[in-house]
Amino acid sequence: MLTLYGYFRSSAAYRVRIALGLKGLAYKHMGINLMPGISEQKSEKYLALNPQGRVPYLIDGDTALSQSPAILEYLEEAYPEIALLPQDMHERAHVRQLASLIGCDIHPLNNLSVLGYLKTKFEAHEADVTAWYSHWILEGFTAFEAILASRKAMSKFCHGNRPGMADVYLVPQVWNARRFGVPLSAFPQITAIDAACNSLDAFIAAAPENQPDAPKSK
Ligand SMILES: N[C@@H](CCC(=O)N[C@@H](CS)C(=O)NCC(=O)O)C(=O)O
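These lines cover the structure that appears in this document, whether it is placed above or below. The structure displayed is predicted, hence computed values, not measured ones.

### Some thoughts on helix α6 (residues 126-149)
Part 1 of the reasoning: With 24 residues, α6 should reach 34 Å at 1.5 Å per residue; the first-to-last C-alpha distance of 34 Å fits that figure.
Part 2 of the reasoning: Of the surrounding secondary structure, the elements contacted by the buried residues of α6 are α4 (89-105), α7 (165-179) and α8 (188-197).

Dropping the structure here:
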């Protein structure tokens, strides 16, 4: 059985939960509480496992990995029966392009430690931090939407009519955007794809509000 260390609101862990669900892989959930003031990711015990002190962290037998892109690529190779990347290498590169736009250019600028550093080191106010957060999502989603629009045919998901790797990255980022009140009306394809994904069991089961460590009142 696989073990996934995560946090209900971590979008990097959310990606891995979606991929596990799409591939039909059962896993044991280990909650790591990232709430400022609790910061279980910085505990001696967790750092001994993952020296970077972040989630997700996946254990599959002798394989133990941090970094959601590495985990997702590992799952794709270790459990290829339900593929999240296209067969064709050109299409595969296209999907990786979309995933990287989110994984490399939006998410790292908006993660908890970056936002915390803006506040502690640069005395950024809450409104400045929210503006920072929105800026990188809006900039990234504008490009993402344009890339989707440049494709010859519209599709139900980011690539074709089955959910795959780009959707695995997109849906958690849309969830974050909504959480911070980022307006999404300029992104009709992104929001349509998000809605299509969120009607599927794997995405519903992976949603932050459906995790065992989510607050009950949410
Ligand atoms: N590039 C990493 C990013 C992981 C990451 O930043 N995780 C966040 C939650 S989404 C985290 O654990 N933050 C804790 C912290 O910054 O202290 C990945 O994709 O796995």
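Next comes the rest of the account.
### Observations concerning the site of the ligand
Part 1 of the reasoning: Every one of the 15 residues lining the ligand counts as a neighbour, but S10, A12, R54, S68 and S113 are closest to it.
Part 2 of the reasoning: Put simply, the parts of the chain that give the shell around the ligand at least two residues each are α1 (11-22), α3 (68-78) and α5 (112-122).
Part 3 of the reasoning: Here the shell around the ligand is composed, by residue class, of 6 nonpolar, 8 polar and 1 charged.
Part 4 of the reasoning: Among the domains, domain 1 (2-82) and domain 2 (89-203) are the pair contributing at least three residues each to the shell around the ligand.

### Observations concerning the pairing of strand β1 (residues 2-6)
Part 1 of the reasoning: Judged from the 5 bridges that link them, β1 and strand β2 (residues 27-31) form a sheet pairing that is parallel. When the sheet's bridge partners are listed, L4 is paired in β2 with H29.
Part 2 of the reasoning: For the handedness criterion, the β-α-β arrangement of β1, α1 and β2 is classed as right-handed.
Part 3 of the reasoning: Examined bridge by bridge, β1 and strand β3 (residues 57-60) share 3 bridges and lie antiparallel to one another. For L4, the partnering residue across the bridge sits in β3 and is L58.

Rules of the game
Residues numbered from 1 in each chain as written. Predicted model: local features only at pLDDT ≥ 70, side-chain atom pairs only at ≥ 80, totals over all residues. Helix = DSSP H or I, 4+ residues; strand = E, 2+ residues; numbered from the N terminus. Expected span 1.5 Å × (residues − 1). Contact = placed C-beta atoms within 7 Å. Near = placed C-beta within 6 Å. Nonpolar A, V, L, I, M, F, W, Y, C, P; charged D, E, K, R; others polar. Domains from an automatic or database assignment. Pairing = 2+ DSSP bridges. Right-handed = clockwise from strand over helix to strand, strands pointing away.

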